[in-house]
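Breakdown of the fold
Each chain is listed here by its residues.
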Amino acid sequence: MEDIIRGKAFVLGDDIDTDQIIPAHHLVYKLDDGEESKKYGEFALSGVPESQSGLPQGKIPFVEKGEWQSEYKIIIGGKNFGCGSSREHAPYALNKAGAAAVVAQSYARIFFRNSVNGGYLIPFETANKINDQIATGDEIEIDVKSSTLKKVETGETFPLQPLGDIEEILKSGNIFSYAKEAGMM
Amino acid sequence: MGMTITEKILAQHAGRDSVSPGENIWIDVDVLMTHDVCGPGTIGVFKKNFGENANVWDKSKVVIIPDHYIFTKDTYANRNVEILRQFVKEQGLENNYFDPGSPRYKGVCHVALPEEGHTRPGEVLFGTDSHTCTAGAFGEFATGIGNTDAGFIMGAGKLWVKTPPTMRFVFEGELPPYLMAKDLILHIIGDIGCDGATYRAMEFAGDGVYGLNIEERMTLCNMVIEAGGKNGVIEPDDVTIDFVKSRTDKPFNVVRNDPGASFFVEKVYKTSEIIPTVAKPHSPDNRGVAQELSDIKITRAYIGSCTGGKMTDFKAAAAILEGQTCQVPTFIVPATTEVEKGLKETKRNGKSLYEIFEAAGAHIGPPSCAACLGGPEDTFGRLNGPEVCISTTNRNFPGRMGSKDSQVFLASPYTVAASSLTGKITDPRKYLS
Ligand code: SF4
């Protein structure tokens, strides 16, 4: 796990469910095939209604047509991020497109767990709503150790909730490396 | 201090005398279920971490039920079922596998599990599907997980969980004849919001709940995930025990709340104050009532899925559609092959439910998840354009049933059937005198 995560922000609203993150008809591609799995990157966040994609302006695709990598590394959401189905393809697709972290006010439980246990991305929580204070394209820096998020241009900082229990798993990489280190398997 | 049923089941499976909400514990798993969408990924994770030739931890505890993308020409989707077949053969899991195209094919996993006797009081069930919480209706701890967690269980037979605090929902008064479990759960979700139970257990009680049959209890527990809940649960009574015993000889352990168990919150509702309820687009917590939405024209009605495609759901729909004509295309999807058989064998005034639906002009599809989650373009009932659909399913997020331009209203089978007869959202009390 890096100590500093830096990159452009992609901003979304509340209740981004897993069908918006990766629509159900795309769940058929192989996850462990290098070439085919790029499709998950290609269609990451493709189910978000256009007006809600890349706030506050909207109509900004997370991944450009025909590409599978996004120029945005940090996703900023509102409350209940990742609600809906248990598909692990959701954090996987965001990771595939190049996202390293999601910052949201709260998460749905299964998405949160999948992100951590699969080692796809770091799900940071904020105490307050911040998706109205950051615009898509803003350069962002997250300091993992001090649990803060900074808007690079203005220097404005926002506190993040400490990672707590999940930090050990994230540091190990995923639940398997964690269990091995802990002598559980 | 007393424990709740959820806390007690978790403590027993962690080999401990007690646990408290918030504690992370490792628990032993009784059943792991997966299907065609998440099975291949789970198998990949399992093999990568436990080895190409590793065996699953316990053959009798892994259940594989393909149900999502079954009747499609999509080659990727069909390949996924082939991966499951291969794995079942390799591992010798034939006893708990239900192959599409064979007489063993079942259909939607959450309905197939109890039919096949895999849901039992006091047990721990994990499944790679968020609606695995349905099985809480049998007095067990059941919840959805992702491929990584499932791959871990496949090899290790255990998993860590954070013990959830329990929210208790009590329905006072028997259910009036125009309400169904779907109305109750949509009412609760509208009340607490779609993250109102995140990380928590939701327990249902009261005579309004104990008066329900087992299928209706499944409908209640099915949708706890739509409020963010980790698991839903109902203390077993004779209804539960009789059903489970009719489906399996395996012994089980009935767990109940301790006297003095402490709840995060207890909410009490009077069933007589609830009227037919609808969730408007695009969220299950966007609550309305049918009688106030009568201006809304629909272009389609859909009755199916794990939450709305069981015999009780179709009996309710048939009570309204009998002798009438659907005014909009109406799609009927039995959850499982057993339900499909039930449609042909169950009669009302001399006619089978199947005949009643056909006579009303409804389209009847083969058992599977079908358009509940959109799926490949050729999926039965899929919303391929700007449709306005009223549906007995459990989710109405943007694009859930297909096109991002469509709108989905969720309601009980009564309300969906009544709406199909008028082409507008309709309070079923009009037809249930
Ligand atoms: S019927 Fe719908 S909700 Fe139920 S398992 Fe299938 S896709 Fe999921």
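Quick caveat, the model's predicted, so the values are computed rather than measured. (Residues numbered from 1 in each chain as written. Chains lettered and ligands numbered in written order. Predicted model: local features only at pLDDT ≥ 70, side-chain atom pairs only at ≥ 80, totals over all residues. Heavy atoms only, no water.)

Things to note about the overall build of chain B
A count of helices and strands for chain B gives 13 helices and 19 strands. The C-alpha atoms of chain B give 21 Å as radius of gyration, which agrees with the globular expectation for 433 residues (22 Å, within 12%). When its C-alpha atoms are laid out on the principal axes, chain B stretches across 55 × 55 × 40 Å. Taken across its 433 residues, chain B has 66% of its residues classed as buried. Contacts in chain B between residues at least 24 apart in sequence constitute 74% of all its contacts with a sequence separation of at least 6. Here chain B has roughly 14400 Å² of accessible surface; of this, 46% comes from carbon and sulfur atoms. Taken together, the 44 basic and 53 acidic charged side chains of chain B have centroids lying 2 Å from each other. (Helix = DSSP H or I, 4+ residues; strand = E, 2+ residues; numbered from the N terminus. Rg over C-alpha atoms; globule rule 2.2 N^0.38 Å. Buried < 20%, exposed > 50% of the residue type's maximum accessible area, 1.4 Å probe, protein only. Contact = heavy atoms within 4.5 Å. Areas by Shrake-Rupley, 256 points an atom, 1.4 Å probe, with all protein chains shown as cover. Lys, Arg positive; Asp, Glu negative; His and termini not counted. Charge placed at Lys NZ, Arg CZ, Asp CG, Glu CD.)

Re the domain arrangement of chain B
All names here are of chain B. By domain assignment, chain B separates into domain 1 (5-251 + 262-268) and domain 2 (277-432). The C-alpha-based centres of domain 1 and domain 2 are spaced at 24 Å. Listed as interface residues are 41 residues of domain 1 and, on the opposing side, 40 residues of domain 2. Note on domain 1 versus domain 2: buried area summed over both sides is about 3400 Å², and carbon and sulfur give 58% of it. (Domains from an automatic or database assignment. Buried area = accessible area lost by both parts, 1.4 Å probe.)

A word on the pairing of strand 4 (residues 122-125) of chain A
Residue and element names in this part refer to chain A. Note that strand 3 (residues 101-104) and strand 4 share four bridges and pair parallel. Within strand 4, the position partnered with Ala101 by the bridge is Ile122. Traced from strand 3 through helix 4 (residues 109-117) to strand 4, the parallel crossover comes out right-handed. (Pairing = 2+ DSSP bridges. Right-handed = clockwise from strand over helix to strand, strands pointing away.)

Some details on the interface of chain A and chain B
Tallying the contact residues gives 46 residues for chain A and 49 residues for chain B. Carbon and sulfur atoms supply 57% of the area that chain A and chain B bury against each other, a total of about 3800 Å² over both sides. Taken together, the connections running from chain A to chain B amount to five salt bridges. The shortest N-O distance in the salt bridge between Lys162(B) and Asp165(A) comes to 3.1 Å. Our enumeration of links across chain A and chain B arrives at 21 residue pairs in polar contact (both at pLDDT 80 or more). Tallying contributions element by element places helix 4 of chain A first for the side of chain A that touches chain B, with six residues. Of the residues assigned to the side of chain A that touches chain B, the class counts are 19 nonpolar, 13 polar and 14 charged. (Salt bridge = Lys/Arg side-chain N within 4 Å of Asp/Glu carboxyl O. Polar contact = N/O pair within 3.5 Å; in protein donor to acceptor, adjacent residues only side chain to side chain. Nonpolar A, V, L, I, M, F, W, Y, C, P; charged D, E, K, R; others polar.)

What about the packing of aromatic side chains?
Residues and elements named next belong to chain A. A complete count under the given rule lists 24 aromatic pairs over all chains for this structure. Relative to Phe111, the ring of Phe81 has its centre 5.3 Å away and its plane inclined at 65°; by these criteria the two rings are edge-to-face. Of this pair, Phe81 sits in the loop between strand 2 (72-76) and helix 3 (89-96) while Phe111 sits in helix 4; the two residues are 30 residues apart in sequence, bridging distant segments of the chain. Note on Phe81: relative accessible area 1%, which makes it buried. (Phe/Tyr/Trp six-rings, centres within 6.5 Å; stacked < 30°, edge-to-face > 60°.)

Notes on the packing of helix 2 (residues 39-50) of chain B against helix 3 (residues 75-91) of chain B
All names here are of chain B. One can describe the packing of helix 2 onto helix 3 by two numbers: an axis separation of 9 Å at closest approach and a directional angle of 45°. In terms of their interaxial angle, helix 2 and helix 3 are classed as oblique. Seen from above, helix 2 lies across helix 3 with left-handed handedness. Residues Gly39, Pro40, Ile43, Phe46 and Lys47 of helix 2 touch helix 3, and the partners they reach there are Asn80, Ile83, Leu84, Phe87, Glu90 and Gln91. Tallied by class, the residues present in the contact of helix 2 with helix 3 amount to six nonpolar, three polar and two charged. (Axes fitted to C-alpha atoms, helices over the stretch in contact; angles between N-to-C directions. Parallel < 35°, antiparallel > 145°, perpendicular 65-115°, else oblique. Left-handed = near helix turned anticlockwise from the far one by under 90°.)

Structural notes on unusual backbone geometry
Across the junction of Leu55(A) and Pro56(A), the peptide omega takes the value 0°, indicating a cis bond. Looking at the element boundaries, Pro56(A) is found in the loop between helix 2 (38-42) and strand 2. With omega at -5°, the peptide bond leading from Pro281(B) into His282(B) counts as cis. Among the secondary structure elements, His282(B) is positioned in the loop between strand 11 (277-279) and strand 12 (287-289). With phi around 60°, Leu45(A) is a residue other than glycine that occupies positive phi space. Here Leu45(A) lies in the loop between helix 2 and strand 2. In this structure, Ser147(A) is a non-glycine residue whose phi angle is positive, near 50°. Mapping Ser147(A) onto the fold places it in the loop between strand 5 (139-143) and strand 6 (148-151).

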